[in-house]
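In case you want the letters, here they are:
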Amino acid sequence: KEKAARQLADTAAEAAQARQQARVAELRRDLVLALLDAAARRVVLDRIGDDVGWLSTQSAVAETRVASGTESAALTLRLRNELDRRRTDWTNQAALHEDALVAVRRLLGRAQPGPDEPYALAPIGPSITLSPALVRRAAAVAPGIRRSDADVRVARSTVEVTRRSARPDVSLGVQAWHESATGNAAQGFFTLGVSIPWFNRDNYRRDLQRDRLRLDAAQDQLEDARQQVRRDLHALLTRIESARRDALLQRDTILPRTRQLEASIAAHRTSGRADLRDLLDTRRQRADAEINEAA
């Protein structure tokens, strides 16, 4: 019985350590996601900032042309409205970027901003396919599986303790008395104690059945956690591959085509052979493509 009790205590301590490690793994995951979010928002912020600078220059040029009679006042109004809208977008995106940095600092345990450290989005990686090796690696580090496995081990040790509790307890003892005047031994005897739990078998049986049901439930939760890891991994890889295809489309197809057309329209506008509306629409498509590539 004492051995089973010590085993249960050791298993409970190991389970607490496993839960702590699982929580650390979750915090690392959250930190990675927070850093990715902050990096993506900074890319969007930079793109909007570039757009604000370009619109400011174009607005100044358009006002000069309106004064000389070579530009429409309606197009100049559109430029001003677009510039004010993008400035508001920049302010909102700057607030979102700062909020993302607050989330990062919280996960790092920092109350105040630390020294500026460079961080950026990683380049587009290769395609990832679901494989048994990847599933095994994910299952080995999954926090949910760690916690469920610890619960199974604790439940198994609890069953063993309950099973051994139905055994009789035997205790031996020695008692002795001495004379207060001389200190010599006066009398003594041995004691033998035996508990007989056989008359309470039904209660022990119910306790054991209850703990075994808890063990079965813990094992079912462990198997469910393993299956859920495979499901989550498949869903995550599907999302990653979809985002990868979209990013490659923006980078390799849409952006080169849009930049080429934007450069052509800008060159024709300098000579007065292109309309400002076409240039604004083309630049808007380029900015959206750059933001979509980052997001």
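Thresholds applied
Residues numbered from 1 in each chain as written. Predicted model: local features only at pLDDT ≥ 70, side-chain atom pairs only at ≥ 80, totals over all residues. Heavy atoms only, no water. Helix = DSSP H or I, 4+ residues; strand = E, 2+ residues; numbered from the N terminus. Rg over C-alpha atoms; globule rule 2.2 N^0.38 Å. Buried < 20%, exposed > 50% of the residue type's maximum accessible area, 1.4 Å probe, protein only. Contact = heavy atoms within 4.5 Å. Areas by Shrake-Rupley, 256 points an atom, 1.4 Å probe, with all protein chains shown as cover. Expected span 1.5 Å × (residues − 1). Bend = angle between axes of the 7 residues up to and from the residue.

Draft legend 1. Representation of the overall build of the protein in the model. Of the regular secondary structure elements, the protein holds six helices and two strands. For the protein, the succession of helices and strands along the chain, N to C, is α-α-α-α-β-β-α-α. Against the globule reference of 19 Å for 295 residues, the protein gives a C-alpha radius of gyration of 36 Å, more extended than a compact globule. Expressed along its principal axes, the backbone C-alpha trace of the protein runs to roughly 125 × 50 × 30 Å. Looking at the protein as a whole, 26% of its 295 residues qualify as buried. When contacts within the protein are restricted to residue pairs at least 6 apart in sequence, long-range pairs at least 24 apart make up 75% of them. Of the roughly 19600 Å² that the protein leaves accessible, carbon and sulfur atoms contribute 53%.

Draft legend 2. Helix 5 (residues 201-270), seen in detail. Given a rise of 1.5 Å per residue, 70 residues ought to cover 104 Å, and the 98 Å separating the end C-alpha atoms of helix 5 matches this to within 8%. Taking the largest bend as the criterion, helix 5 deviates by roughly 40°, centred on Ile-254, and proline Pro-256 comes between one and four positions later.

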